[in-house]
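Survey of secondary and tertiary structure
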Amino acid sequence: SAPLPQSVSCIPHILPPPLFHSAHFISRSHPLSPSRAMILVQVNPGETFTIRTEDGHFQCITGPAQVPMVSPNGTMPPIFVPPGYVSQVVEENGMRKVLVLPHAMEFHPSLPPVPPHLPLYASPHPAMLHHPHVFPTELPHYVHQLPALPVYSEQGEREHLHYIYIYGIWLTLLSRATYSFIILHRQAKVVLGVLPKDSYWYPEEEVRRVQELLSAVCKPAVGSLTSHSAVLSWRPPLPLPSEVDTHSNTRAHTALLLSYELALSQSGTEGDFKLVYQGKDTTCTVGDLRPAAHYYARVCVACSSVKGAPSETVAFTTLCGTPDAPAAPRLIQRTKSSISLQWTSPNDNGSKITGFYLEYHEGKQSAFKEVYSGLAKQYKVMRLMPSTKYAFRLAAKNDVGMRCVSGLSLVLNCCCTASCSASPPAPPSPPRLTEAGVTWLSLEWGAPCGSASRDTPTYILEMEDKESVNPPVCDGGAPVSQYCVEMTQSAEEYQQQVFCGSDRCCTVSQLLPGRTYLFWVKACNPAGWGPLSEMCQASTAPGPPEQCSAPQLILNTSTSGLATWQTPEGNGAEVCAFRMEWGLQEGALELLYSGPLTQYEVSDLQPATEYRCRVQAVSAVGAGLFSDVATVTTPASVPAAVEHVEEMREGPLGDVMAHSPATTLALRWKEPNCHGAEISSYNIDIGEELPLSTGRTSYHILENLQPDTTYRIRVQAVNSMGAGPFSSVLKLRTRALPPEPPVLECAVAGPQSLKLKWGEGLIRPQTSRGTHYCLHMQLGVDRSICIYSGPSHTFKVQRLCEATDYQFSIQAHSEAGMGPLSPSYTFSTTRSPPPQLKAPKVELIERNKYAVTWEAHQPMKGDLIVYKLQMLRGREVEQLYKGPVTSYTWHNTSAGVACRLRVYAGRRSQDGSELWGQCSLSTGLPATEPPREHRISSCHEPQPRRSWPLTDEPFATVLLLGFVVLAVLFAVLIQYFVIERE
């Protein structure tokens, strides 16, 4: 390893820097030099320890590691401290520690030590980077609290940070406010008994806990609410030690460490909050608010650089206020004695405007006089003086009060006109209704008639010549240029102009159905507008009802609800019925109710489903527009009934079912509708007391059942709302146990075959669903083959060896599975008889003496071959010879009788038993020649008739031919008598 440096400079580098950093130092004697003291610097994981040696090189060591260092002379070297600080050596638990403290700070040895794994955030102070450093024998282990030193950042701001002096460098801890807050918070917990006095302090965990406590601030409380301001207050989020009287000063100090940020929003969305207050007070009066407006407020608590999450939002609505100041009225018409004004409604600030107040004065420093009060937004001031200036102002009032009058006054002159030749025309005749529609009215009127002025006319007659002077005509002395029709729905409302033209008829459109309207008409000539005519009252034709408002939907249960609605305006005809449409999609609503009621109860709804509804009013005229669509979502409920429960024979459970099909049943089903709450499990009822509960799966294996038993199975789904209904009953029967093996027997044993039988009943093929058998034959010690598999109860094993033992076993299998294998059965084949011999040869040796020979057989497996010669005389059989010789000389004592000879071959075993084969074909005796003298003497005698003995073979042939001839004869007869006659 590299030699230990005597003078080093240590600069820990940590990315990213945590809040604290700590290196642990252990003073130990160096084994090489008793005068030196070795110090082990522990580097935590994830940190890098940089050493600068005397020659200026840097060596980086990455944790976890322990770096040994040696002091120059083994004694306590001087420790350089900043001005205002002193070093103090404290011995605790046999370990010396060097603490760097200010002059006025007292050391409290009862404070708990830092745990060994405490991380450290190390940041070198700029003023100490090039300071000469000497290792102390024992280094500072833990400093509880140090006062702040001023540090200037790049922006020139002064920040108070805490430092610890270790290895000649300054290590930054926390800002003063946050550090003090953590200390006070910990002291509060110790005082209140939450933490023991000797517990360890984990700064990272404490900072996280502080952030959680800052985030636990409650939402602000609203008090002293007005139309333009609100007082918001909140409580500190931390359990301060104010409950202990002796620590009341700590509460005040801690409260000063917290700062609050109050944010306000009118929409409540995250990006709309604006900061309206930032400070240390827990109460704030927010002004400049709008009356009758909704606001959302939240507060956030910060402690220096540690900031908690915003609190929950509190919603409040400011009180209603007086209306805003209305704008100055607007001039719409004036004459020499009247002025017509019009105005608009200001903002009512949450309370409906109950009236307008119009005032005026003549401009001669006189007070304002009220000339109108009401809800109309237009007024005609009459009986004014011509050529006079008037000032007007307007005020609005609601239930809260009256707003100050409009800031601007309207100053107008009342015009004064005079004409010797013309005056405004007289009022026309009242309008007359000619035709009425649903949304329009057609009117006509006559020309002006009567006096043009409302004042009583006077005339002065002067005689100058024979001609007389005539009074003014009805049009005021000038032709009428145009007419104006004014309309309103009531006498109190402002009259609006609906027609202006030269025609004496008009059609007013865009009217409401079934409404009554008031009409006036006036005429105009170059002298001005004449007075209004008498009022005409006309009504539009009835129309369909107005559009209904959106229905109100109230849920009674998760499957039923009540829909209610209001009766709209009938537009001149009484509403007689309503139509309610209901459905899941807005474009696919169906008619659910039609009738006179204003409510309807809907049932059979699906839980956790959104439904849509709209209503239409109907009258005798027709149907109105549908209302806006109202939506309602039914609450979650228990799951629906499980469907498609069936037995599963194949699939992922096939391997499991193959092991014990007689005691198991595999079920599968389709997951039902969860009705808004996720399905958590299923219950399976098989007729027992308690249903079987399973997890969330679509299949399950029922085990430990009784074989060949019928079960009634039901399944139900379960969610957080409860258990749903059971499915329909499914009847399933477990399979029977596999059949036992039958008893195997040998029915017929041959030399080369064995006919085996088993079971009971007739030998007949079974159906594919019946029991099948598998017959095994043993070929060796541990080898057997299946020589037959099928439903039959017998099987003939062929191609066997004679006199040989064979072992067989059998097992049965059915739908229940393969049964066990039977024990081994041993059966033996018989010995094989010798093959059939050819017909023996017979030679005449002497008269009535014959030599009979036949072929010989080889011994068969050591058994001696013996022969047996028989003579056939009619139906009589006589044995002539028995023995191993293949020839025999025979003397016929029955001359003149037809005889035939045949021979048998047999095998004689060592135990003396004999096994005979089939007999050979028989051979007749050759003819015997008579004596010569006898032949001569008999030439003259008639010869006897010659006969041939009928043996078995010719007899069978003749019999067969007879049957053939008889069959042919019967066929001819049937062909002739039956077929041809039909």
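You'll find the chain entered in an unreviewed UniProt entry as Fibronectin type-III domain-containing protein, with Pygocentrus nattereri given as the organism.

1. A closer look at the overall build of the chain
Looking only at helices and strands, the chain has six helices and 65 strands in total. Here the chain, with 982 residues, has 39% of them falling under the buried criterion. At a minimum sequence separation of 6, the contacts of the chain that also span at least 24 residues come to 64%. In the form shown here, the chain has an accessible surface area of approximately 57000 Å², with 52% of it arising from carbon and sulfur atoms.

2. Some thoughts on the pattern of salt bridges
Tallied over the full model, the rule gives 21 salt bridges. Put simply, R831 and D863 hold a salt bridge, and the shortest N to O gap is 3.3 Å. Of this pair, R831 sits in the loop between β57 (825-828) and β58 (841-846) while D863 is found in the loop between β59 (849-853) and β60 (864-873), placing the two residues 32 residues apart along the sequence. In this structure, E878 engages R873 in a salt bridge whose closest nitrogen and oxygen atoms are separated by 3.7 Å. Each of the salt bridges in this network shares a partner with another, and the network as a whole consists of E802, R831, K861, D863 and R907.

3. Details of the UniProt feature "transmembrane region" (unreviewed entry) in the chain
The feature "transmembrane region" (unreviewed entry), as given by UniProt, occupies residues 955-979 in the numbering adopted here. End-to-end, the C-alpha atoms of residues 955-979 are 35 Å apart, and along that stretch the chain is 100% helix and 0% strand.

4. Notes on a nonpolar patch on the surface
Judged by side-chain polarity, L966, L969, F970, L973, I974, Y976, F977, V978 and I979 come together as a nonpolar surface patch covering roughly 840 Å² of accessible area. Mapping F977 onto the fold places it in helix α6 (residues 952-979). Judged by its relative accessible area of 42%, F977 is partly exposed.

5. Focus: the nonpolar core
Counting residues in hydrophobic clusters, the biggest one holds 25 residues, and the most contacted among them are W234, L262 and F316. Look past the residues within four positions of L262 in its chain and what remains in contact with it is P220, L232, W234, K274, L275, V276, Y277, C284, V286, A297, R298 and V299.

6. Some points on the confidence of the model for the chain
Residues of the chain with pLDDT of at least 70 account for 68%, and the chain-wide mean is 75. Between residues 415-421, whose pLDDT stays under 50, and residues either more than four places distant or in other chains, the model counts eleven contacts. Per-residue pLDDT stays below 50 along residues 453-468; that stretch engages in six contacts with residues further than four places along the chain or on separate chains.

7. With respect to the sheet that holds strand β35 (residues 552-557)
If you trace the three strands from one edge of the open sheet to the other, you get β35-β36-β39, paired in antiparallel fashion. Each end of this open sheet is capped by a strand with a single partner; those strands are β35 and β39 (599-602). Pairs of neighbouring strands in the sheet enclose a mean axial angle of 20°, with direction left out of account. One ladder, built from four bridges, connects strand β36 (residues 560-564) with β39; its direction is antiparallel.

8. Details of unusual backbone geometry
The phi angle at A608 is positive, at roughly 55°, despite the residue not being glycine. Relative to the elements of secondary structure, A608 occurs in the loop between β39 and β40 (610-619). Here N704, not a glycine, exhibits a phi torsion of approximately 60°, which is positive. Relative to the elements of secondary structure, N704 occurs in the loop between β46 (699-702) and β47 (710-719). Taking relative accessible area as the criterion, N704 reaches 74% and is therefore assigned exposed.

9. Examining the environment of E312
Examined against the element boundaries, E312 turns out to sit in the loop between β18 (306-307) and β19 (314-317). Its relative accessible area of 59% is what places E312 among the exposed residues. Counting along the chain gives 14 residues from E312 to R298, while the straight-line C-alpha distance between them is 6.1 Å. With near-sequence residues (within four places) excluded, E312 lies in contact with K219, P220, A297 and R298.

10. Brief notes about the environment of A895
Relative to the helices and strands, A895 resides in the loop between β62 (887-891) and β63 (900-908). In this structure the C-alpha to C-alpha distance between A895 and R847, which are 48 residues apart in sequence, comes to 9.4 Å.

11. A closer look at the sheet that holds β62
Within a sheet, each strand pairs with its neighbour through backbone hydrogen bonds, oriented either parallel or antiparallel. The strand order across the open sheet formed by three strands is β58-β59-β62, and the pairing between neighbours is antiparallel. The strands lining the two open edges of the sheet, one partner per strand, are β58 and β62. For this sheet, the mean angle separating the axes of adjacent strands, direction not counted, is 25°. As paired strands, β59 and β62 are joined by five bridges and run antiparallel to one another.

12. Describing the pairing of strand β16 (residues 283-286)
Burial of β16 is one-sided: the residues C284 and V286 facing one way are buried, the residues T283 and T285 facing the other way are not. Across four bridges, strand β13 (residues 230-233) lies against β16 in antiparallel orientation. In the strand pairing of β16, V231 is matched with T285.

13. Here's the deal with the pairing of β60
Residues in a regular strand project their side chains so that they alternate between the two faces of the sheet. Counting buried positions along β60 yields nine of ten residues, so the element is predominantly enclosed. Here β60 pairs with β63 via nine bridges, running antiparallel. Following the sheet pairing, Q870 is matched in β63 by R902. Relative to strand β61 (residues 876-883), β60 runs antiparallel, the two sharing seven bridges. Each residue of the ladder has a partner; that of Y867, found in β61, is G883. Counted between consecutive antiparallel strands, the loop separating β60 from β61 contains two residues, among which G874 sits at a positive phi close to 65°.

14. Some details on the side chain of T923
Tracing the backbone shows T923 in strand β65 (residues 923-924). Polar side-chain contacts of T923 include one of 2.8 Å to the backbone oxygen of P840. Apart from the residues within four sequence positions on either side, T923 is in contact with A839, P840, V842, C899, R900 and L901.

Rules and cut-offs
Residues numbered from 1 in each chain as written. Predicted model: local features only at pLDDT ≥ 70, side-chain atom pairs only at ≥ 80, totals over all residues. Heavy atoms only, no water. Helix = DSSP H or I, 4+ residues; strand = E, 2+ residues; numbered from the N terminus. Buried < 20%, exposed > 50% of the residue type's maximum accessible area, 1.4 Å probe, protein only. Contact = heavy atoms within 4.5 Å. Areas by Shrake-Rupley, 256 points an atom, 1.4 Å probe, with all protein chains shown as cover. Salt bridge = Lys/Arg side-chain N within 4 Å of Asp/Glu carboxyl O. UniProt positions renumbered as here; feature names shortened; annotations may be inferred. Patch = residues over 30% accessible without salt bridge, like charges linked within 9 Å, V, L, I, M, F, W, Y side chains within 5 Å. Core = buried A, V, L, I, M, F, W, Y, C linked by side-chain atoms within 4.5 Å. pLDDT = per-residue confidence, 0-100. Pairing = 2+ DSSP bridges. Axes fitted to C-alpha atoms, helices over the stretch in contact; angles between N-to-C directions. Polar contact = N/O pair within 3.5 Å; in protein donor to acceptor, adjacent residues only side chain to side chain.

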